[in-house]
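Results of the structural survey
Each chain, letter by letter, is given below.
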Amino acid sequence: MLRIAVCVSGGGTNLGAIYDALDSGIIKDAQIVRVISNNQGAYALERAKAHGSDAICVSPKNFENRDLFNAALLDALAECKPDLVVLAGFLVNVPECIINAFTNRIINIHPSLIPSFCGKGYYGLKVHEGVLSRGVKVTGATVHFVDAGIDTGKILSQKAVYVEDGDTPEVLQRRVMEQAEWIILPDVISKIASGDIKIG
Ligand code: GAR
């Protein structure tokens, strides 16, 4: 049984897609052992509680400095002994101590086709704003291993999505989620659980 910890910051629709895939058997032999948010108000925490998961907040606001926050985040992860850590809309720079503790065991979903519209400053809606202002016609989403860089780890899966005339960042964000993110993230987790994608 693959033990999964999921880190979230906001609405948690990707977390919802993982629960759906677990409930419907698309992901087999896996369980979410803990959901961690850096943001007490994240709706993702409510989704986690509704599914009976252990759901906790580790907020930088409750620590004197970044090192203490990073150490608490590492503790919160280590405590639940995950085989896999999934960053599902986790808008925090993952510190090196966590990368080192879980090398090739952390995956992230990013809402563009890496290496486009990724790296510093590209997260959430800002990615889709960048896509629309550059005028590209195809975007998408990427699941990748997390390493010490920002969005630089090995790519595990990508799916393209068309930009349409009249798109707003919000409309495009929703289409990228529906047509790419909510599909490729559960798919990669399922392949990790079955051993088709190797971790660690
Ligand atoms: C998703 O679009 C995810 O790809 C993005 O944040 C959103 C979270 O939505 N992540 C990043 O931009 C990471 N760089 P959700 O909370 O509804 O899953």
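What comes next is a walk through the structure. Everything numeric here is computed off the predicted structure, so don't read it as measured data.

**A closer look at the overall build of the protein**
A count of helical and extended segments in the protein gives six helices and seven strands. If you list the helices and strands of the protein from N to C, you get β-α-β-α-β-α-β-α-β-α-β-β-α. Its C-alpha radius of gyration of 16 Å places the protein within 12% of the 16 Å reference for a compact globule of 200 residues. A principal-axis box enclosing the C-alpha atoms of the protein has dimensions of 45 × 40 × 30 Å. Taken across its 200 residues, the protein has 49% of its residues classed as buried. At a minimum sequence separation of 6, the contacts of the protein that also span at least 24 residues come to 65%. Accessible surface, the protein: about 9,600 Å² in total, of which carbon and sulfur atoms supply 49%. Distance from the positive charge centre (19 side chains) to the negative charge centre (22 side chains) of the protein: 2 Å.

**Details of the site of the ligand**
Neighbouring residues of the ligand: 15 residues in total, closest G12, T13, N14, G124 and E181. One of the side-chain nitrogen or oxygen atoms of T13 is found 2.6 Å away from an oxygen atom of the ligand. G124 is positioned with one of its backbone polar atoms (N or O) 2.8 Å from an oxygen atom of the ligand. When the free accessible area of the ligand is taken as 460 Å², the share hidden by the protein chains comes to 92%. Going through the elements one at a time, α1 (13-23), β5 (106-110) and α6 (169-194) are the ones with two or more residues in the shell around the ligand. Taken together, the residues that form the shell around the ligand break down as six nonpolar, eight polar and one charged.

**Some details on the environment of A72**
Structurally, A72 is set in helix α3 (residues 66-79). For the pair A72 and S59, spaced 13 residues apart in the sequence, the C-alpha separation amounts to 9.2 Å. Not counting the four nearest positions on each side in its chain, A72 is found in contact with V58 and F63.

**Observations regarding helix α5 (residues 125-134)**
Where α5 is concerned, the buried positions are V127, H128, G130 and V131. One face of α5 carries all of its buried residues, which in axial projection span an arc of 155 degrees. For α5, the elements touching its buried residues are β5, β6 (138-145) and α6. G135 occupies a position one or two residues after α5 and carries a positive phi of about 80 degrees.

**Overview of the nonpolar core**
V6, L15, V86, I107, L185 and I189 are the most contacted members of the largest nonpolar core, which totals 41 residues. For this core, the element with the highest residue contribution is α6, accounting for nine residues. Not counting residues within four places of it along the chain, the set of residues in contact with I189 comprises L2, I4, I18, I27, L84, V86 and I107. Core analysis: the next-biggest nonpolar cluster, separate from the first, contains 20 residues, C7, L77, L87 and F102 among them.

**What to know about the layout of surface pockets**
Within this model, the largest pocket holds a volume of roughly 790 Å³. Lining the largest pocket are 39 residues, and of these F90, L91, V92, N108 and Y123 lie nearest its centre. For the lining of the largest pocket, the secondary structure elements donating two or more residues are α1, β5, β6 and α6. In the lining of the largest pocket, the residues fall into 16 nonpolar, 19 polar and four charged.

**Some words on the packing of α1 against α6**
Where α1 meets α6, the axes come as close as 9 Å, and the angle between the chain directions of the two elements is 55 degrees. Comparing their axes, α6 and α1 come out oblique. Here the hand of the crossing between α1 and α6 comes out right-handed. Every residue of α6 that contacts α1 at T13, N14, A17, I18 and A21 is listed here: M177, E181, W182, L185, P186 and I189. Taken together, the residues of the contact of α1 with α6 sort by class into eight nonpolar, two polar and one charged.

What counts as what
Residues numbered from 1 in each chain as written. Predicted model: local features only at pLDDT ≥ 70, side-chain atom pairs only at ≥ 80, totals over all residues. Heavy atoms only, no water. Helix = DSSP H or I, 4+ residues; strand = E, 2+ residues; numbered from the N terminus. Rg over C-alpha atoms; globule rule 2.2 N^0.38 Å. Buried < 20%, exposed > 50% of the residue type's maximum accessible area, 1.4 Å probe, protein only. Contact = heavy atoms within 4.5 Å. Areas by Shrake-Rupley, 256 points an atom, 1.4 Å probe, with all protein chains shown as cover. Lys, Arg positive; Asp, Glu negative; His and termini not counted. Charge placed at Lys NZ, Arg CZ, Asp CG, Glu CD. Near = heavy atom within 4 Å. Polar contact = N/O pair within 3.5 Å; in protein donor to acceptor, adjacent residues only side chain to side chain. Nonpolar A, V, L, I, M, F, W, Y, C, P; charged D, E, K, R; others polar. Arc of directions from axis to C-beta. Core = buried A, V, L, I, M, F, W, Y, C linked by side-chain atoms within 4.5 Å. 1 Å grid on protein atoms, 1.4 Å probe; cavity = no way out; pocket = protein on both sides within 12 Å on 5 of 7 lines; lining within 4 Å. Points joined across faces, edges and corners; volume = space filled by probe spheres on them. Axes fitted to C-alpha atoms, helices over the stretch in contact; angles between N-to-C directions. Parallel < 35°, antiparallel > 145°, perpendicular 65-115°, else oblique. Left-handed = near helix turned anticlockwise from the far one by under 90°.

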